[in-house]
Amino acid sequence: MNDLRSFIRECEKHGQLKTISSVVDWNMELSHIAKVNEEAGGSALLFENVQGYSIPVLTSAFTTPSRMAIALGQPPHYSMARLAKEWMLLATKKLVPPTIVRDGPIMENIVSGDDVNLYDFPVPFFNALDGGRFIGTAVYLITKDPDSGWVNLGTYRMQVHDGKRCGVQMIKGKHGDLILRKYQQRKEKMPAAAVIGGDPLLFLVGSSMIPFQVNEYDVVGALRGKAVEVLESDFSGLHLPSHAEIVLEGEIDPDDFINEGPFGEYTGYYSGEPTPKVFLNVKRILHRNNPIFWACVVGRPINDVCMIQSLNRTASLWSDLEAMKIPGVKSVYIPASSSGRFWAVVSVQQLYPGHSMQVGTAVISTTTGSYGLKGVIIVEDDIAADDWEQVLWSLSVRYDPLRSTQIINRGRSTSLDPSLPIDSRQIVSRIIMDACTPFEWKHKPMPVLLDPDTLERIRNRWDDLQLGYEPKF
Ligand SMILES: Cc1cc2nc3c(=O)[nH]c(=O)nc-3n(C[C@H](O)[C@H](O)[C@H](O)COP(=O)(O)O)c2cc1C
Ligand SMILES: [Mn+2]
């Protein structure tokens, strides 16, 4: 799989795609149909007839784990935690840099100069109080560090301002923002390309917390086991994925701003008042023949973004812990219901005193855990990190708030956290909850285990119990 079309075909093969052929309005109707469908646990949707447009729109690509699995090329029955583990195992092996090709389907149509018109695409208006139509929800922005040549892919929401300009919300410290600061110092504009539609794995990795100076293309290569094909743009010099659906190429002036937002975000709340933000000045649009536009409908959880972040942040957190070579880490999970970012659970086999708290403090120091996370719960290795009932049991029987809690007062936060006052969302506190019986206790509570001899006896006389099912012990 190397493009959106093959992903859509795979979804269809697994009964995971519904095509909507009746005419649907891009103005709220499309997003609301998608939302209602997502909340009913429905398939991905392909809207074939968006009013006034001939370009179809894909939504709800990732609202169930099975479609995540399809994108990753893994068995569709895998759980989110299992998928994230496979990701971790591949991403901590050798990274695979992209290969440069001379041509590709993305070059089938080139629109430049006066002909550039963002309204040529069926950009949805999602929720009543949004500041405009958002062209970039399933998107990533390609930029290049002018000093080191490091190529970065990062997902930042994009609002259409007019036919040639769209806002880019790069939150402070994001890699796109760090690179933009370099252009600002040089008093230059930053070349940038926004990709909408294409290999879904590029989007999943583009929105991942991949460490600084690491090229997301290399990570996708490792996950696919195959180098990504890119072509070097004769316009911006950037590496573009050769099988993308739509690419907006242009530049961002670090010192020019247009009010952007609000947007009904994945936390279930609107982001704040319109704020001046940088924008992409689109100079050229590339697209395949019969391009497919891709959108993530956000708003009330669970949505695409909660699911995407749950998967890619679990994977990146787990990869970071693996790279730190801390022993005993058994499983990791950032649930989608935590908006895919605010809480993490780690299961650990305790090997020495203080081990479980070492894992807790490690989590909040990783690339993933040092941003926006509010809580870490550490559980023992008899409990899987994604077994919420057992995690709660663990917090009930192994956890003493005073002994088992550490609060960190100041951590990096996100402007999208609605629990913080709107004008001070840079910093959040964090809690580490160690739901493990202390390793060093001499007298540990005795767990009630079933007696193996008695179980064996029961197994031998299972038939006369006539329970009507096979023994599962
Ligand atoms: C659909 C979606 C939308 C996102 N929108 C934004 C955004 O508007 N601004 C932002 O800074 N991060 C946003 N993120 C999170 C970033 O993609 C994520 O932090 C990623 O690490 C950024 O790439 P970078 O680390 O290379 O900067 C979004 C994530 C997803 C899945
Ligand atoms: Mn990055």
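Since we're looking at a predicted model, the values are computed, not measured.

Chemist: How should I be thinking about the packing of aromatic side chains in this particular structure?
Modeler: Where two aromatic rings form a pair, the distance of their centres and the angle of their planes describe that pair. Evaluation of the coordinates by the stated rule reveals eight aromatic pairs. Here a set of aromatic residues connected by ring pairs shows up, and it is made of Phe7, Phe62, Phe203 and Trp294. Geometry around phenylalanine 342 places arginine 341 over its ring, the cationic atom sitting 5.6 Å from the centre. Just above the ring of phenylalanine 439 sits the side chain of lysine 444; from NZ or CZ to the centre is 5.5 Å.

Chemist: Where do I start with the domain arrangement of the protein in this structure?
Modeler: Frequently, the measure chosen for interface size is the accessible area that the parts lose on association. Partitioning the protein into structural domains gives domain 1 (4-294) and domain 2 (324-435). Just the C-alpha atoms count here: the centres of domain 1 and domain 2 sit 29 Å apart. The interface of domain 1 with domain 2 comprises 16 residues on the first partner and 14 residues on the second. For the pairing of domain 1 and domain 2, the buried interface totals around 1300 Å² over both sides, and the portion due to carbon and sulfur atoms is 62%. Where domain 1 meets domain 2, there are zero salt bridges.

Chemist: So what exactly am I meant to see when it comes to the coordination of the manganese ion (ligand 2) here?
Modeler: Ideal values differ by geometry: the angle at a metal is 109.5 degrees with four tetrahedral donors, but 90 or 180 degrees with six octahedral donors. Taken together, Asn152 (OD1), His175 (ND1) and Glu216 (OE) make up the full set of protein donors to the manganese ion (ligand 2), lying 2.1 to 2.3 Å away. Each donor residue of the manganese ion (ligand 2) belongs to the same chain, with the gaps between them written as N-x22-H-x40-E. A residue pair is termed long-range when its members are at least 10 positions apart, and asparagine 152 in strand β8 (residues 151-154) and histidine 175 in helix α5 (residues 175-185) qualify at 23 residues. On the basis of relative accessibility, which here comes to 1%, the residue asparagine 152 falls in the buried class.

Chemist: Explanation requested: the site of ligand 1 in the structure shown.
Modeler: Around ligand 1 there are 21 residues in total, and Thr155, Tyr156, Arg157, Gln169 and His175 lie nearest to it. Backbone polar atom of histidine 175 to an oxygen atom of ligand 1: 2.7 Å apart, as the coordinates give it. In the complex, the protein chains occlude 95% of the 620 Å² of accessible area that ligand 1 would expose alone. Where the shell around ligand 1 is concerned, the elements lending two or more residues are β8, α5 and α8 (304-323). Per-element tally for the shell around ligand 1: the top contributor is α8, with four residues.

Chemist: Could you clarify how one ought to interpret the pairing of strand β20 (residues 343-348) in this entry?
Modeler: In regular strands, side chains alternate between the two faces of the sheet. Counting buried positions along β20 yields five of six residues, so the element is predominantly enclosed. As judged from the four bridges shared by strand β19 (residues 329-333) and β20, these two strands associate in the antiparallel manner. Its bridge partner lying in β20, tyrosine 333 is registered against valine 345. With six bridges connecting them, β20 and strand β21 (residues 375-380) associate as parallel partners. Paired with valine 345 across the bridge in β21 is isoleucine 377. Handedness of the crossover joining β20 and β21 through helix α9 (residues 355-363) is recorded here as right-handed.

Chemist: Whenever I open this one, the packing of helix α1 (residues 4-13) against helix α3 (residues 65-72) confuses me. Can you help?
Modeler: Axes are the key here: two packed helices are described by the angle between their axes and the distance separating the axes. Two elements in contact, α1 and α3, have axes whose closest approach is 10 Å; the angle formed by their N-to-C orientations is 130 degrees. Between α1 and α3, the crossing angle belongs to the class labelled oblique. Here α1 and α3 pass one another in a crossing that is right-handed. Seen from α1, the contacting residues are Phe7, Glu10 and Cys11; seen from α3, they are Arg67, Ile70 and Ala71. Looking at the contact of α1 with α3 residue by residue, the class counts come to four nonpolar, no polar and two charged.

Chemist: What's the story with the sheet that holds strand β1 (residues 17-20) in this structure? I'm lost.
Modeler: Sheets are built from strands that pair by backbone hydrogen bonding, the pairs being arranged parallel or antiparallel. On the basis of which strands lie adjacent, the open sheet formed by four strands has the order β1-β2-β3-β18 and mixed pairing. The sheet is open, and its two borders are formed by β1 and β18 (293-294), each paired with just one other strand. Here β1 pairs with strand β2 (residues 44-47) via four bridges, running parallel. Along β2, the bridge assignment pairs threonine 19 with leucine 46. The sheet strands contacting helix α2 (residues 29-39) are β1, β2 and β3 (57-59), and the helix crosses β2 at an angle near 155 degrees.

Chemist: Explanation requested: α1 in the structure shown.
Modeler: Given 3.6 residues per turn, any residue in an α-helix points the same way as the ones three and four places further on. Regarding α1, the residues found buried are Leu4, Ser6, Phe7, Ile8 and Cys11. For α1, the elements touching its buried residues are β1, β2, β3, α3, α6 (200-206) and β18.

Chemist: What am I meant to see in the sheet that holds β21 here?
Modeler: The strand order across the open sheet built from five strands is β19-β20-β21-β23-β22, with neighbouring strands paired in mixed fashion. The open sheet has two edge strands with one neighbour each: β19 and β22 (405-412). Ignoring strand direction, the axes of neighbouring strands in this sheet form an average angle of 20 degrees. Pairing of β22 with strand β23 (residues 427-435), which is carried by six bridges, proceeds in the antiparallel orientation. Note that in β23 the partner of glutamine 406 across the bridge is isoleucine 432. In the packing of helix α10 (residues 388-397) onto the sheet, the strands contacted are β20, β21 and β23, and the crossing angle to β21 comes to about 85 degrees.

Chemist: Mind showing me how you'd approach the environment of proline 276 here?
Modeler: Following the sequence through the fold, proline 276 ends up in strand β16 (residues 275-277). Expressed as a C-alpha distance, the spacing of proline 276 and glycine 167, which sit 109 residues apart in the sequence, is 9.2 Å. Once you skip the residues sitting within four places of it in the chain, proline 276 turns out to touch Phe257, Ile258 and Asn259.

Criteria and thresholds
- Residues numbered from 1 in each chain as written.
- Chains lettered and ligands numbered in written order.
- Predicted model: local features only at pLDDT ≥ 70, side-chain atom pairs only at ≥ 80, totals over all residues.
- Heavy atoms only, no water.
- Phe/Tyr/Trp six-rings, centres within 6.5 Å; stacked < 30°, edge-to-face > 60°.
- Lys NZ or Arg CZ within 6 Å of the ring centre and 35° of its normal.
- Domains from an automatic or database assignment.
- Contact = heavy atoms within 4.5 Å.
- Buried area = accessible area lost by both parts, 1.4 Å probe.
- Salt bridge = Lys/Arg side-chain N within 4 Å of Asp/Glu carboxyl O.
- Donors = N, O, S within 2.8 Å, 3.2 Å for Na, K, Ca; no water.
- Helix = DSSP H or I, 4+ residues; strand = E, 2+ residues; numbered from the N terminus.
- Buried < 20%, exposed > 50% of the residue type's maximum accessible area, 1.4 Å probe, protein only.
- Near = heavy atom within 4 Å.
- Polar contact = N/O pair within 3.5 Å; in protein donor to acceptor, adjacent residues only side chain to side chain.
- Areas by Shrake-Rupley, 256 points an atom, 1.4 Å probe, with all protein chains shown as cover.
- Pairing = 2+ DSSP bridges.
- Right-handed = clockwise from strand over helix to strand, strands pointing away.
- Axes fitted to C-alpha atoms, helices over the stretch in contact; angles between N-to-C directions.
- Parallel < 35°, antiparallel > 145°, perpendicular 65-115°, else oblique.
- Left-handed = near helix turned anticlockwise from the far one by under 90°.
- Nonpolar A, V, L, I, M, F, W, Y, C, P; charged D, E, K, R; others polar.

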